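Chain by chain, the residues run as shown.
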Amino acid sequence: MKRGTKPHHNPKSKSTAILKHLVSGKALTSVDAFKDFYTTRLSAVIKNFRDLGYKIESNYKPNSKLAIYSMNPNDDGINVKLWDERYHQSQSVKAKGVK
């Protein structure tokens with residue numbers, strides 16, 4: 001990311017589709033991400049979201065190494081607030097024609 005710029009979400013990216021899925025309260029595994037979003041590096045996408053401040057939980061079924069990612073609905077609204085700020089910022093940047 002360039003210095004002095006705020007992160008925003010490209011509405012057409014796979015990452016934004018994954019984030020939209022999580023913000024809506026749904027859980028996601030790497031198998032689901034591959035089938036639904038054609039991405040093979042879900043853990044890297046999740047790490048990027050966490051670096052941006054999103055609170056994403058990782059849970060595991062007994063005897064499994066497959067993570068189930070979800071957002072805690074009791075997070076005081078921080079995830080939805082971040083989503084609203086960044087997603088709407090990307091919409092205004094797009095409207096202005098800034099790349």
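Residues numbered from 1 in each chain as written. Predicted model: local features only at pLDDT ≥ 70, side-chain atom pairs only at ≥ 80, totals over all residues. Heavy atoms only, no water.

**A word on the pairing of strand β2 (residues 67-71)**
So, step 1. Counting buried residues along β2, four of its five residues qualify, which places the element largely inside the surrounding structure.
So, step 2. With five bridges joining them, strand β1 (residues 56-60) and β2 adopt antiparallel strand pairing. Residue pairing for β2: serine 58 is matched across the bridge by tyrosine 69.
So, step 3. The turn linking β1 back onto β2 is made up of six residues, and asparagine 63 within it adopts a positive phi angle of 60°. (Buried < 20%, exposed > 50% of the residue type's maximum accessible area, 1.4 Å probe, protein only. Helix = DSSP H or I, 4+ residues; strand = E, 2+ residues; numbered from the N terminus. Pairing = 2+ DSSP bridges.)

**Here we look at helix α3 (residues 42-51)**
So, step 1. Of the positions making up α3, those classed as buried are Leu42, Val45, Ile46 and Phe49. For α3, the buried positions fall inside an angular range of 100° around the axis, keeping them on one side.
So, step 2. Buried-residue contacts for α3 involve α1 (14-23), α2 (30-37), β1 and β2.
So, step 3. Of the residues one or two after α3, glycine 53 is the one with positive phi, at around 110°. (Arc of directions from axis to C-beta. Contact = heavy atoms within 4.5 Å.)

**What to know about the confidence of the model for the chain**
So, step 1. Looking at the chain, the pLDDT average stands at 80 and 76% of residues meet or exceed 70.
So, step 2. Scored below 50 in pLDDT, residues 1-6 shows three contacts in the model against residues more than four places distant or in partner chains.
So, step 3. The model gives residues 92-99 a pLDDT under 50, and that stretch makes two contacts with residues more than four places away or in other chains. (pLDDT = per-residue confidence, 0-100.)

**Quick notes on the nonpolar core**
Buried together is how nonpolar side chains tend to be arranged in soluble globular proteins.
So, step 1. In this structure, Ile18, Phe49, Tyr54 and Ile56 are the most contacted members of the largest nonpolar core, which totals 17 residues.
So, step 2. Counting only elements with at least two residues in this core, the list comes to α1, α2, α3, β2 and α4 (78-96).
So, step 3. In terms of residue count, the dominant contributor to this core is α3 (four residues). (Core = buried A, V, L, I, M, F, W, Y, C linked by side-chain atoms within 4.5 Å.)

**Considering the side chain of asparagine 79**
So, step 1. Note on placement: asparagine 79 falls in helix α4.
So, step 2. Using a relative accessible area of 1% as the deciding quantity, one classes asparagine 79 as buried.
So, step 3. With sequence-adjacent residues up to four places away left out, asparagine 79 is seen in contact with Tyr54, Lys55 and Met71.

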